[in-house]
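The residues making up each chain are set out below.
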Amino acid sequence: MANIKSAKKRILVTKTKTARNKSIRSAVKTSIKKVEAAVAKKDKVAAVDALAAATKTISKASSKGVYHKNNAARKVSRLAKMVNELA
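To start, this report covers the structure provided alongside it. (Residues numbered from 1 in each chain as written. Predicted model: local features only at pLDDT ≥ 70, side-chain atom pairs only at ≥ 80, totals over all residues. Heavy atoms only, no water.)

Turning our eyes to something else, we now look at the overall build of the protein. Assigned secondary structure in the protein consists of three helices and zero strands. In the protein, the order of α-helices and β-strands from amino to carboxyl end is α-α-α. For the protein, whose C-alpha radius of gyration is 17 Å, the value lies well above the compact-globule estimate of 12 Å for 87 residues. Taken along its principal axes, the extent of the C-alpha atoms in the protein is 60 × 20 × 15 Å. Counting every position in the protein, which comprises 87 residues, the buried fraction comes to 23%. A separation of at least 24 residues holds for 62% of the contacts in the protein among residues at least 6 apart in sequence. A total of about 6400 Å² of accessible surface is found on the protein, and carbon and sulfur atoms cover 57% of it. Charged side chains in the protein number 23 positive and 4 negative. The centres of these two groups are separated by 21 Å. (Helix = DSSP H or I, 4+ residues; strand = E, 2+ residues; numbered from the N terminus. Rg over C-alpha atoms; globule rule 2.2 N^0.38 Å. Buried < 20%, exposed > 50% of the residue type's maximum accessible area, 1.4 Å probe, protein only. Contact = heavy atoms within 4.5 Å. Areas by Shrake-Rupley, 256 points an atom, 1.4 Å probe, with all protein chains shown as cover. Lys, Arg positive; Asp, Glu negative; His and termini not counted. Charge placed at Lys NZ, Arg CZ, Asp CG, Glu CD.)

Below you can see the structure in the form of structure tokens.
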């Protein structure tokens, strides 16, 4: 356990940020699963709606620094490709 005051504070701050990041990552994973489920059902309308929501969630996560911008772009690109292949 840390003895120095600043180290104790860092532990608390890290715990808070970890919880926030975990929540955001979970939301992103859920939105991705919704898109994948709609694609699996071959429901184009639901897939397009889910894609819009997922894109928004992923870009928010990226802007908050939870995901690197290239990682976020890759996730969005893969989802868009899946939806576009439904046609």
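Now for a positive patch on the surface. Taken together, the side chains of K5, K9, R10, K17, R20, K56, K60 and K64 make up a positively charged region of the molecular surface. If you list the elements that add at least two residues to the positive patch, you get α1 (5-40) and α2 (44-63). Tallying contributions element by element places α1 first for the positive patch, with five residues. Counting through the fold element by element, K56 comes out in helix α2. (Patch = residues over 30% accessible without salt bridge, like charges linked within 9 Å, V, L, I, M, F, W, Y side chains within 5 Å. Salt bridge = Lys/Arg side-chain N within 4 Å of Asp/Glu carboxyl O.)

Interaxial distance between α2 and helix α3 (residues 69-84) falls to 10 Å at its minimum, and their mutual angle equals 180 degrees. When the axes of α2 and α3 are compared, the pair comes out roughly antiparallel. Note on element contacts: α3 touches α2 through K69, A72, K75, V76, L79, A80, V83 and N84, opposite K44, A47, V48, L51, A54, T55, I58 and S62. (Axes fitted to C-alpha atoms, helices over the stretch in contact; angles between N-to-C directions. Parallel < 35°, antiparallel > 145°, perpendicular 65-115°, else oblique.)

Let's shift gears to the side chain of S62. Within the secondary structure, S62 is located in helix α2. The exposure class assigned to S62 is buried, which follows from its relative accessible area of 19%. If sequence neighbours within four positions are ignored, S62 has contacts with Y67, H68, K69 and A72.

Our next topic: the nonpolar core. Of all hydrophobic cores here, the largest spans 17 residues; its most connected members are V28, V35, I58, A61, L79 and V83. For this core, the secondary-structure elements that each account for two or more residues are α1, α2 and α3. When residues no more than four places from it in sequence are discounted, the contact partners of L79 are I32, V35, L51, A54 and I58. (Core = buried A, V, L, I, M, F, W, Y, C linked by side-chain atoms within 4.5 Å.)

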